[in-house]
Amino acid sequence: MRLGELLSIPRLRLRFISGADQAHRAIRWAYTTDLLRPARYLTGGELVLTGMMWRNGPQDSEVFVASVVEAGGAAVGAGTALGEIPRDLVEACERHGVPLLEVPAETSFGAVTEEVLRLINRHRFTTIAENRDRHRRMMAEVAAGADFPAVFAAAAEQARLRAWVVSSTGRAVAGAGPELDGRARAELAARALSWPSFPRSTELPGRALTVMPVQTRDSHPLAGWLLVCEGRHEDWEEEVHEAVAELASIAVLARSREEERALNDARHAEALPRLLEEQRQEEVEALLRAAGGRERGGGHVVVSAALAPEPRLADLARRVAGELLAERPGAVVTGDADVLAVVPVPDPGHAGAQAVEELRGELERGARALEPGLVDYRLAVGIGSTPRELGDLRGAAAEARHARRLAGLRPGRAQVIAGAEIDSHELLLASVPEEVRASYRERLLGPLLAYDRDHRSELVETLERFLEHSGSWQRCASAMHVHVNTLRYRIGRVEELTGRDLSRLEHRVDLFLALRLRG
């Protein structure tokens, strides 16, 4: 309620002694006191009613008003039942910019308090009704396909909240208030991936924040949204909790629509891998054009992605890939366990290598942001080496899949590899089925690993270093800080256990490939 509303009630007969220009000031409660220093009993926004029993001299007025201001009191109401309002109190209120009201002898403080309570309740019920109407309207707008960032910003600003929606990779989805920079968003997303419960209060330099998931029916932390609000939820009043709940429901609806749209797009494009394999160029072009992924004169980069082991949520890998490519308009993403994406780029010509490098950088940043949440899975992403025309997309898809398989062989929770990074032997290994790779690796290195485990020796490491130094005894021994005779003994044991002769090139290649498969 506003101070002016209280003064407009005739039966109270209140009037301004000073500060009439602040009739718009908000009042959240009325508190009666005759303490000289009432600050400890105030929480801010009160109309402080006093009979001035605290006043023993002019200097006390300054102490009393300063204490009210310190606690955030909104106004002072002085009763005249015991005498006129002294000039020193008027001057103290004017110095501190606090409105001063006269409460006449015939008006009790209880009557003033009752009217304050009545007005506050009336405003609360009116505000609740207005908020519900506004919330229904905004939900209807989002459901009808309205621009979610614009609706979210309007809702947050009307609720006087600073709030943001951030994706699992730290991408800015929507916001109201000072922008969260990329580093802050990435930090919040990474923290949220490791938190077991929500809402969660956290801090960034200079600000306290509350984070909660935008929880849809099939949402998963690796491919979800977060609602971030300024302030600690433990300190929020009931009205703030209600406003945040309304923002969350708007975000949930928008996220649900986004997930539904992505699922429909994936279903419409599910024939893409088969069409590429069969080289049905006209149908591929029609499919990409329908998805908005075909630019006249442009090229395409193919991306392959997978999670291992295969998730229980069948389309989680596609959702993750969709999030990684969310800022690439026209990207077509389809598949569940074996995800294939075709990403349009402006120029397949001289700027092709740069386009692939930029895409790889974006995918690496996104994958790195997801690592705290990759506790149960490993994410592997492969990218074709260069942008291709439609007729070349079959080869690009095969190359991207080989790169993805190689990414799955390398250590770490998330790996992104471009086809241009793959050495010829790595490309060969990535194309071999996993069961064949495992058998080959065990057959050649199994005896060495078992010997090292039983004897606490270092035969596998010695073999790696020996091959790294191209079979040079002296250079390898020097690098390992051992005598040449020690090195000769160890390599002899390697040859005995593996049945390979390291003086022969083909045997060195066999062991080199086995070590590569070991990762």
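Residues numbered from 1 in each chain as written. Predicted model: local features only at pLDDT ≥ 70, side-chain atom pairs only at ≥ 80, totals over all residues. Heavy atoms only, no water.

Focus: the packing of aromatic side chains
In this structure the tally under the stated criterion is five aromatic pairs. Between the aromatic rings of phenylalanine 148 and tryptophan 225, the centroid separation amounts to 5.7 Å while the plane-to-plane angle is 15 degrees, which identifies the pairing as stacked. Here phenylalanine 148 is found in helix H5 (residues 148-158), whereas its partner tryptophan 225 is found in strand E10 (residues 225-230), with 77 residues between them in sequence. On the basis of relative accessible area, phenylalanine 148 is assigned to the buried category, the value being 9%. Taken together, the aromatic side chains of Phe148, Phe152 and Trp225 make up a single cluster linked through ring pairs. (Phe/Tyr/Trp six-rings, centres within 6.5 Å; stacked < 30°, edge-to-face > 60°. Helix = DSSP H or I, 4+ residues; strand = E, 2+ residues; numbered from the N terminus. Buried < 20%, exposed > 50% of the residue type's maximum accessible area, 1.4 Å probe, protein only.)

Some words on the confidence of the model for the protein
Segments scoring low in pLDDT should not have their predicted coordinates read at a detailed level. When the pLDDT values of the protein are averaged, the result is 87; 92% of them are 70 or greater. Taking the mean pLDDT of every element in the protein, the minimum, 57, falls on helix H13 (residues 424-430) and the maximum, 96, on strand E6 (residues 163-167). (pLDDT = per-residue confidence, 0-100.)

Details of the side chain of arginine 401
One can find arginine 401 in helix H12 (residues 393-409). Not counting the four nearest positions on each side in its chain, arginine 401 is found in contact with Pro273, Ser304, Asp338 and Leu340. (Contact = heavy atoms within 4.5 Å.)

Focus: the environment of alanine 81
Mapped onto the elements of the fold, alanine 81 is located in the loop between strand E4 (75-79) and helix H3 (87-96). Taking the relative accessible area as the measure of exposure, alanine 81 reaches 61% and is therefore exposed. Taking the C-alpha atoms as reference points, alanine 81 and threonine 107, 26 residues apart in sequence, are found 9.0 Å from one another.

Here we look at the pairing of strand E5 (residues 100-103)
Moving residue by residue along a regular strand, the side chains alternate between the two faces of the sheet. Residues Leu100 and Glu102 line one face of E5 and the alternating positions Leu101 and Val103 line the opposite face, and both faces are buried. One ladder, built from three bridges, connects strand E1 (residues 15-18) with E5; its direction is antiparallel. Looking across to E5, one finds that serine 18 is bridged to leucine 100. In this structure, E4 lies alongside E5, joined through four bridges in parallel fashion. Within E5, the residue paired with alanine 78 across the bridge is glutamate 102. Assessed by its sense of winding, the connection that carries the chain from E4 through H3 to E5 is right-handed. (Pairing = 2+ DSSP bridges. Right-handed = clockwise from strand over helix to strand, strands pointing away.)

Concerning the pattern of salt bridges
Under the counting rule described, the total for this entry stands at 37 salt bridges. Two residues, glutamate 115 and arginine 11, come together in a salt bridge whose shortest N-O distance is 2.6 Å. One end of the pair, glutamate 115, is in helix H4 (residues 109-143); the other, arginine 11, is in the loop between helix H1 (3-7) and E1, with 104 residues separating them in the sequence. The salt bridge involving aspartate 265 is made with arginine 261; its shortest N-O contact spans 2.6 Å. Placement of the pair is aspartate 265 and arginine 261 together in helix H7 (residues 238-268), with a separation of four residues, close to one helical turn. Look at arginine 261 and you get partly exposed, because its relative accessible area is 41%. (Salt bridge = Lys/Arg side-chain N within 4 Å of Asp/Glu carboxyl O.)

Quick look at the sheet that holds strand E3 (residues 46-50)
Taken together, five strands build an open sheet; the order of strands is E1-E5-E4-E3-E2 and the sheet is mixed. Each edge of the open sheet carries a strand with a single partner, namely E1 and strand E2 (29-32). Each strand axis lies, on average, 30 degrees off the axis of its neighbour in the sheet, ignoring direction. On the sheet, H3 packs against E1, E4 and E5 and is oriented at approximately 80 degrees with respect to E1. (Axes fitted to C-alpha atoms, helices over the stretch in contact; angles between N-to-C directions.)

Looking at the packing of helix H15 (residues 459-468) against helix H16 (residues 473-480)
What describes two packed helices is the angle between their axes and the distance between those same axes. Put simply, H15 and H16 touch, their axes get as near as 9 Å, and they point 130 degrees apart. When the interaxial angle is binned, H15 and H16 end up oblique. In this structure, H15 meets H16 at a crossing whose hand is right-handed. Together, Thr462, Arg465 and Phe466 of H15 and Trp473, Cys476, Ala479 and Met480 of H16 make up the contact between the two elements. Along the lines of polarity and charge, the residues of the contact of H15 with H16 split into five nonpolar, one polar and one charged. (Parallel < 35°, antiparallel > 145°, perpendicular 65-115°, else oblique. Left-handed = near helix turned anticlockwise from the far one by under 90°. Nonpolar A, V, L, I, M, F, W, Y, C, P; charged D, E, K, R; others polar.)

A short note on the sheet that holds strand E15 (residues 414-418)
Spatially, the five strands line up as an open sheet ordered E12-E13-E11-E14-E15, and their pairing is mixed. Two strands bound the open sheet, and with one partner strand each, they are strand E12 (332-334) and E15. Mean inter-strand twist for the sheet, computed between neighbouring axes without regard to direction, equals 15 degrees. The pairing of strand E14 (residues 378-383) with E15 spans five bridges and is classified as parallel.

Some thoughts on the side chain of glutamine 22
Mapping glutamine 22 onto the fold places it in the loop between E1 and E2. You can call glutamine 22 buried: its relative accessible area is 17%.

Side note on the packing of H5 against H7
The geometry of H5 relative to H7 is characterised by a closest axis approach of 10 Å and an angle of 175 degrees between their N-to-C directions. With respect to their mutual orientation, H5 and H7 come out roughly antiparallel. On H7, the residues touching Phe148, Val151, Phe152, Ala155 and Ala156 of H5 are Leu247, Ile250, Ala251 and Ala254. Considering only residue class, the contact of H5 with H7 consists of nine nonpolar, no polar and no charged.

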